[in-house]
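Listed below are the residues making up each chain.
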Amino acid sequence: MEERTNALGEFLRARRERLRPEDAGLATTGYRRTPGLRREEVAMLAGISTDYYLRLEQGRDRAPSAQVLDALARVLQLDADETTFLYALSRARPKRSPQARLEKVPEGTLRLLDAIPMPAFVEDRYLTVLAANQLAEALSPNMRAGVNRLAAAFLDPHDRELHDDWEQATAAAVGQLRAVMGTETADPRMVTLVGELSIKSERFRRLWARQDIVRRAGSRTRLHHPEVGDLDLHREKLIVAGTDNQVLVIYHAEPGTASAQALTLLGSIAVSAEPAADPAAPTSYGHRNETSP
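An account of the accompanying structure is given in this report. (Residues numbered from 1 in each chain as written. Predicted model: local features only at pLDDT ≥ 70, side-chain atom pairs only at ≥ 80, totals over all residues. Heavy atoms only, no water.)

### Some points on the overall build of the chain
For clarity, the cut-off: For helices the rule is a DSSP run of H or I covering at least 4 residues; for strands it is a run of E covering at least 2, with both sets numbered from the N terminus onward. We call two residues contacting when some pair of their heavy atoms lies within 4.5 Å. A 1.4 Å probe and the Shrake-Rupley method give the accessible areas. Residues count as covered only by the protein chains that appear here.
When helices and strands are tallied, the chain shows 13 helices and 5 strands. A fraction of 59% describes how many contacts in the chain between residues 6 or more apart in sequence connect residues 24 or more apart. When the accessible surface of the chain is split by element, carbon and sulfur atoms take 52% of a total near 15400 Å².

### Things to note about the environment of Arg 32
Counted only if it meets this: Burial status follows relative accessibility: with a 1.4 Å probe on protein chains alone, a residue under 20% of its type maximum counts as buried, one over 50% as exposed, and anything between as partly exposed.
Tracing the sequence through the fold places Arg 32 in the loop between helix H1 (7–18) and helix H2 (39–46). Since its relative accessible area comes to 17%, Arg 32 is described here as buried.

### Describing unusual backbone geometry
A positive phi angle is found at Gln 77, which is not glycine, with a value near 60 degrees. Here Gln 77 is to be found in the loop between helix H4 (66–75) and helix H5 (80–90). At Gln 211, a residue that is not glycine, the phi angle is positive and equals roughly 60 degrees. Among the structural elements, Gln 211 can be located in the loop between helix H12 (202–209) and strand E3 (219–225). Judged by its relative accessible area of 6%, Gln 211 is buried.

### With respect to the environment of Gly 195
Tracing the chain through its elements places Gly 195 in helix H11 (residues 188–200). The exposure class of Gly 195 is partly exposed, given its relative accessible area of 29%.

### Digging into the side chain of His 234
Our working definition: Identification of polar contacts relies on pairs of N or O atoms within 3.5 Å, with a donor-acceptor requirement for protein atoms, meaning one able to donate a hydrogen and the other able to accept it, and with residues adjacent in sequence counted only if both atoms are side-chain atoms.
Within the secondary structure, His 234 is located in strand E4 (residues 229–239). Looking at His 234, its side chain comes within polar contact range of the side chain of Glu 254, at 3.0 Å. When near neighbours in sequence (up to four residues on either side) are disregarded, His 234 contacts Ser 219, Arg 220, Ile 250, Tyr 251, His 252 and Glu 254.

### Some details on the layout of surface pockets
Rules: Here a cavity denotes a set of grid points, spaced 1 Å apart and computed over the protein atoms alone, in which a 1.4 Å probe fits but from which it cannot get out, and a pocket denotes an open set meeting protein on both sides within 12 Å along at least five of seven lines; residues with an atom within 4 Å of a point are reported as lining. Grid points are joined across faces, edges and corners, and a volume is the space filled by probe spheres set on the points. Following the grouping adopted for this structure description, the nonpolar residues are Ala, Val, Leu, Ile, Met, Phe, Trp, Tyr, Cys and Pro, the charged ones are Asp, Glu, Lys and Arg, and the polar ones are all others, Gly among them.
Counted as a void, the second largest pocket has a volume near 470 Å³. Lining the second largest pocket are 28 residues, and of these Ala 169, Ala 172, Ala 173, Arg 235 and Lys 237 sit closest to its centre. Only strand E1 (120–123), helix H8 (149–155), helix H10 (166–181), E3, E4 and strand E5 (247–252) provide two or more residues apiece to the lining of the second largest pocket. No other element matches H10, which puts 7 residues into the lining of the second largest pocket. Looking at the lining of the second largest pocket, its residues break down into 12 nonpolar, 6 polar and 10 charged.

### Some words on helix H6 (residues 107–115)
An α-helical turn contains 3.6 residues, so a residue and the one three or four places further along point in the same direction. Spelled out, the test is: Taking the helix axis as origin, the arc is that swept by the directions to the C-beta atoms.
Within H6, the full set of buried residues consists of Thr 109, Leu 110 and Leu 113. Looking down the long axis of H6, one finds its buried residues gathered within 105 degrees of arc, a one-sided arrangement. In the core, the buried residues of H6 are packed alongside E1, strand E2 (129–132) and E5.

In structure tokens form, the structure reads like this:
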């Protein structure tokens with residue numbers, strides 16, 4: 001029997017509880033037992049009955065009209081990505097859990113990884129690294145194949161020391177994971193990952209409950225590397241065509257800056273630390289293509 005979830009109701013409730021009455025132009029009087037807007041306030045502002053809104057939150061009505069969704073998006077002050085996510089949840093239907101499958105990075109992308117003179121790796125939809133070049137592994141051991149970047153961010157203290165913008169980066173990563181998951185709430189790998197992090201990290205648990213939706217996009221990041229010092233880098237995220245949501249992540253610095261010089265130094269350190277190649281070994285990219293069930 002397929003498990004039914006109430007993703008739409010959970011999303012509405014989480015967003016409602018994050019809004020203060022004054023954010024919605026409402027005057028507050030007296031003590032409020034719960035945070036955020038009340039259900040009846042959301043219903044009034046959206047022009048729907050309180051009973052109907054209650055049915056949406058409780059999962060007794062899962063197919064609101066476009067007019068209702070637009071009104072709720074306006075009242076809950078959702079941005080464009082969050083509104084798209086709200087629409088997707090309203091169209092959701094119970095699905096069978098996806099079958100486990102091996103996931104491989106395309107050979108052309110692996111060759112590109114070796115050719116890029118900057119830290120670069122490929123991650124899957126669960127934010128697990130599938131393949132990485134030498135400079136990425138020199139930038140952080142958590143950028144090597146097989147490491148789940150989200151788990152490392154929350155559970156490895158060294159990853160927190162590396163990222164000067166750790167709080168911002170972790171919040172964005174959680175929002176990206178939720179956006180990628182979408183309505184596939186029965187995906188066993190996603191359920192396992194979210195469950196493990198919810199148990200082990202109080203910060204992850206709070207961020208996941210916020211129901212933030214963040215689109216995968218490039219950004220700037222500040223790192224403090226133990227060997228080459230401070231780095232101010234751009235991080236690009238490019239979809240790998242022909243795959244199931246694989247993303248090529250590339251770090252690069254502004255030319256002529258101290259960060260660019262530091263990346264060059266890091267590359268020299270990585271090359272000098274590389275063991276001598278075995279003539280009988282496979283190509284450099286052939287043994288870094290991680291598979292995942």
